[in-house]
Amino acid sequence: MILVTAGNASPTYSRPMSTPHNRAIWIQGPSAQCNVTPEGALVPWRLILLGAPGVGKGTQAELLNRRLRACHLSTGDVFRAAGSRPDCEPSPAMKEALSYMRQGKLVPDFTVWEMVRERSSCLHCRGGFILDGFPRTLAQAELLKDLMDREGLKLSAVVNYDLPFSEIVVRLGGRRTCERCKSVYHITERPPRFEGKCDRCEGKLIQREDDRPESIKVRLDAYECSTAPLIEFYSDLGLLLNIRAKGAPDDIFEATFSQLEERRVREVAQKAWVALENHA
Ligand code: AP5
């Protein structure tokens, strides 16, 4: 079992923060209990966010979480939490995973899948979920599909964020994260009120180890080789929504939300039509 703990990652954007779900089961493992679970939804949103590292998936996941109430489940957050837990020595598998991560390489599928499988109750959460950073390879996508098919869970959509690599490098190079509460900033696009200090908790802002230039290149290469093929995988399943990730986070969020709503309205209309035809 891979046990870890962490605070809540929450970016500081224009809207006030609502109480974030504490995601204890996701972050700490199945022996934990979530203190704040999302309100149940009639039809929960079950989303995957795709896109290169630094495209803004985490930022959008937090904005989507506030509107849709679905939990933000990031595999990167689980690994980072494992690496920052002072009271617990990471397991050998987790140590290996952290070493891959620091170099910008993908963690082996087996380790990632074990971690997700242990937390599969989160996929049943009555509030839904927003997967960020998983799946990242075709093998992971197939494993997730098999598990969801077996457990009768249906994905609502897969949102693919797109941005030229040159702009991604600027976003990653300028990202700073609060050591304590994990809020995300950018030194020019989203600077904190006081340099080096978190607006929310006054924690120290640090640069992620894998945001250094040598790791960024490795991460972008890994994305091209292993993750980009998922665009076709989910397009073939009729689940893909493409969103241009340029512009302000709030505008990208509105574009995402309106495409999701359109998709849901279309689905409801189709279901009603089929029901009518069956009745006739
Ligand atoms: P992970 O934590 O998933 O990182 P990532 O995918 O590389 O994504 P990032 O968190 O770097 O970027 P993001 O797209 O969330 O962008 P953000 O919103 O922060 O994974 C880390 C590592 O863990 C991997 O490299 C791998 O080793 C391992 N791992 C995790 N999952 C794995 C898996 N399934 N399989 C194998 N290995 C796995 O935004 C970036 C910056 O841009 C911020 O500063 C933000 O403020 C700014 N920004 C955001 N939006 C905008 C905007 N619209 N305009 C201007 N600035 C913006």
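Values in this document were obtained by computation on a predicted structure and should not be read as measured data.

Quick notes on the rules
Residues numbered from 1 in each chain as written. Predicted model: local features only at pLDDT ≥ 70, side-chain atom pairs only at ≥ 80, totals over all residues. Heavy atoms only, no water. Axes fitted to C-alpha atoms, helices over the stretch in contact; angles between N-to-C directions. Helix = DSSP H or I, 4+ residues; strand = E, 2+ residues; numbered from the N terminus. Parallel < 35°, antiparallel > 145°, perpendicular 65-115°, else oblique. Contact = heavy atoms within 4.5 Å. Nonpolar A, V, L, I, M, F, W, Y, C, P; charged D, E, K, R; others polar. Pairing = 2+ DSSP bridges. Buried < 20%, exposed > 50% of the residue type's maximum accessible area, 1.4 Å probe, protein only. Phe/Tyr/Trp six-rings, centres within 6.5 Å; stacked < 30°, edge-to-face > 60°. Salt bridge = Lys/Arg side-chain N within 4 Å of Asp/Glu carboxyl O.

Asker: Would you take a moment to explain the packing of helix H3 (residues 75–83) against helix H5 (residues 109–118) for this structure?
Answerer: When two helices pack together, you describe them by how their axes are tilted relative to each other and by the distance separating the axes. Between H3 and H5, the least distance of the axes is 11 Å, while the angle of their chain directions is 95°. The angle between H3 and H5 places the two elements in the roughly perpendicular class. In this structure, H3 contributes Thr-75, Val-78 and Phe-79 to the contact, and H5 contributes Val-112, Met-115 and Val-116. Across the contact of H3 with H5, the residue classes break down as five nonpolar, one polar and no charged.

Asker: What am I meant to see in the sheet that holds strand S2 (residues 71–74) here?
Answerer: In any sheet, the strands associate via hydrogen bonds between backbone groups, in a parallel or an antiparallel arrangement. Taken in spatial order, the five strands of this open sheet run S2-S3-S1-S4-S8, and their pairing is parallel. The open sheet has two edge strands, S2 and strand S8 (240–244), and neither has a second partner. Pairs of neighbouring strands in the sheet enclose a mean axial angle of 25°, with direction left out of account.

Asker: Would you mind going over the pairing of strand S4 (residues 157–162) with me for this structure?
Answerer: Regular strands place side chains that alternate from one sheet face to the opposite one. With five of six residues buried, S4 lies mostly within the body of the structure. The sheet contact formed by strand S1 (residues 45–50) and S4 spans four bridges and is parallel. Opposite Leu-47, over in S4, you have Ala-157 as the bridge partner. Relative to S8, S4 is paired through five bridges, and the arrangement is parallel. Along S8, the bridge assignment pairs Asn-160 with Asn-242.

Asker: Whenever I open this one, the packing of aromatic side chains confuses me. Can you help?
Answerer: The geometry of an aromatic ring pair is captured by two quantities: the separation of the ring centres and the angle between the planes. This structure, assessed with the given rule, holds four aromatic pairs. An angle of 25° between the planes, with centres 6.3 Å apart, marks the rings of Trp-113 and Phe-134 as stacked. On the criterion of sequence distance, the pair formed by Trp-113 in helix H5 and Phe-134 in the loop between strand S3 (128–132) and helix H6 (138–150) is long-range, its members being 21 residues apart. Residue classification places Trp-113 among the buried residues on the basis of a relative accessible area of 11%.

Asker: Got a minute to help me understand the pattern of salt bridges in this structure?
Answerer: With the rule as written, the count across this model stands at 15 salt bridges. With a closest N to O distance of 3.8 Å, Arg-219 and Asp-210 form a salt bridge. Asp-210 matches Arg-219 in its accessibility class, with the two residues each being buried. The closest approach of N and O atoms between Asp-211 and Arg-219, which form a salt bridge, is 2.9 Å. Here Asp-211 falls in the buried class, since its relative accessible area comes to 1%. One salt-bridge network, held together by shared partners, links Arg-175, Arg-208, Asp-210, Asp-211 and Arg-219.

Asker: Honestly, unusual backbone geometry in this entry has me stumped. Any pointers?
Answerer: Most peptide bonds take the trans configuration, and most residues that are not glycine carry a negative phi. Cis geometry is adopted by the peptide bond preceding Pro-135, which originates at Phe-134 and carries an omega value of -5°. Within the secondary structure layout, Pro-135 lies in the loop between S3 and H6. Phi is positive for Arg-69, close to 70°, though the residue is something other than glycine. In this structure, Arg-69 sits in the loop between helix H2 (57–68) and S2. The phi dihedral of Glu-202 falls on the positive side, at around 65°, and the residue is not glycine. Among the secondary structure elements, Glu-202 is positioned in the loop between strand S6 (184–186) and strand S7 (205–206). Overall, Glu-202 belongs to the exposed group, its relative accessible area being 56%.

Interpretation in functional terms is not warranted from these geometric data alone.
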